[in-house]
Amino acid sequence: MTQTAIYVAGHQGMVGSAICRLLERRRDVTVVTATRGDLDLSRQTAVEAFFAEHAIDQVYLAAARVGGIHANNSYPAEFLSENLLIQTHIIQAAHRTNVQKLLFLGSSCIYPKYAEQPIREDALLTGALEPTNEAYAIAKIAGIKLCESFKRQYGRDYRSVMPTNLYGPGDNFHPENSHVIPGLLRRFHEAAQAEAESVRVWGTGTPRREFLHVDDMASACLHIMELPLEQYEQHTQPRLSHINVGTGTDCSIRELAETIARVTGFQGRLEFDASKPDGAPRKLLDVSKLIALGWRATTDLEAGLKETYKWFLEHDRSEPA
């Protein structure tokens, strides 16, 4: 049986580990990984040496510096520079070692803050970005354009997917630098354990967000990667080649917080701190292209939150701030 060597960059992260779980079920695939200690993705020579050493056939580029509103707003220099370095080094090394297939994982924050809802792929570069995560968004836009450029100039089959807000097992539950779901899960869990009277939630609670379970994201990644090129190109353009990945439905932050309160058993009241940033008023992706390509999300939000909370209880050992 012919083996396909697939490098998953960022395999220890939430998305990368989910992709690895799917790939490892396949007998015709050899999953190639490297820890941060073994490979510094910010060093070009190290990345090129890694690709030269391994006969890699495909790449899933899930490695990135990530975080929630607080982290993005506090460390824009690192979010821009580190992500530019990581993705550029991997994509260039893949090309130089004749890797023909690569999937770049971006983010829905690439779209303008006030993009028409639901957000279609062609909204890219049509308006100003959300200021709190502008640096991260610019890096991800550069990654899309780098993949498109290698496709246009060298004929590489380098594709891009733009996921909505992700959650699930393996998420980062840091008290300050996490995304909204793990941050709220931790906060409500601690409040429930302490029998607190209230939990404070950032913002007004009115912004609407779309949430996708990470296992669904991994499934979508493999689906998009394995599509025949002709089928992929039927739904994309040379300078508009990325595909949105989401559920096609959203909820308010208030509704999310109320669901998490049920999941964690918190019985107190919710307090919304309007002095904290809301971010974009709404972020719902148009997933019509993804559906036309034969894939839909299957995980219900509350069921996914219960699974994620169970994982948190079994694995998280960090101390609250």
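The structure we're discussing is the one just above.
Rules used in this analysis
Residues numbered from 1 in each chain as written. Predicted model: local features only at pLDDT ≥ 70, side-chain atom pairs only at ≥ 80, totals over all residues. Heavy atoms only, no water. Phe/Tyr/Trp six-rings, centres within 6.5 Å; stacked < 30°, edge-to-face > 60°. Helix = DSSP H or I, 4+ residues; strand = E, 2+ residues; numbered from the N terminus. Lys NZ or Arg CZ within 6 Å of the ring centre and 35° of its normal. Axes fitted to C-alpha atoms, helices over the stretch in contact; angles between N-to-C directions. Left-handed = near helix turned anticlockwise from the far one by under 90°. Contact = heavy atoms within 4.5 Å. Nonpolar A, V, L, I, M, F, W, Y, C, P; charged D, E, K, R; others polar. Core = buried A, V, L, I, M, F, W, Y, C linked by side-chain atoms within 4.5 Å. Buried < 20%, exposed > 50% of the residue type's maximum accessible area, 1.4 Å probe, protein only.

### Structural notes on the packing of aromatic side chains
At step 1: By the definition in use, this model includes ten aromatic pairs.
At step 2: Ring centres 6.1 Å apart and planes at 20° place the aromatic pair F173 and W311 in the stacked group. Pair noted here: F173 is in the loop between β6 (165-167) and α6 (180-194) and W311 is in helix α11 (residues 301-315), with a separation of 138 residues, a long-range link.
At step 3: A network of ring pairs unites the aromatic residues F173, Y309, W311 and F312 as a single cluster.
At step 4: Positioned over the ring face of Y232 is R159, at 4.6 Å from the centre of the ring.

### Digging into the packing of helix α2 (residues 44-53) against helix α4 (residues 76-96)
At step 1: Remark: α2 packs on α4, axes separated minimally by 9 Å, with the N-to-C direction vectors making an angle of 40°. As for how α2 packs across α4, the hand of that crossing is right-handed. Residue-level inspection shows Q44, V47, E48 and F51 of α2 in contact with α4, the latter providing H89, I90, Q92, A93, A94 and R96.
At step 2: Partitioned by chemical class, the residues of the contact of α2 with α4 number five nonpolar, three polar and two charged.

### Overview of the nonpolar core
Across soluble globular proteins, nonpolar side chains have a tendency to be buried as a group.
At step 1: Within the largest apolar cluster, 75 residues are counted, with the highest numbers of intra-cluster contacts made by Y7, I19, F51 and V59.
At step 2: With eight residues, the single largest contributor to this core is helix α7 (residues 214-226).
At step 3: Each residue touching I19, except ones within four places of it in the same chain, is listed here: V8, Y60, L105, A218, C221 and L222.
At step 4: F188, I253, Y309 and F312 belong to the second-largest nonpolar core, a separate cluster that totals 23 residues.

Function cannot be inferred from these measures alone, as they are strictly geometric.
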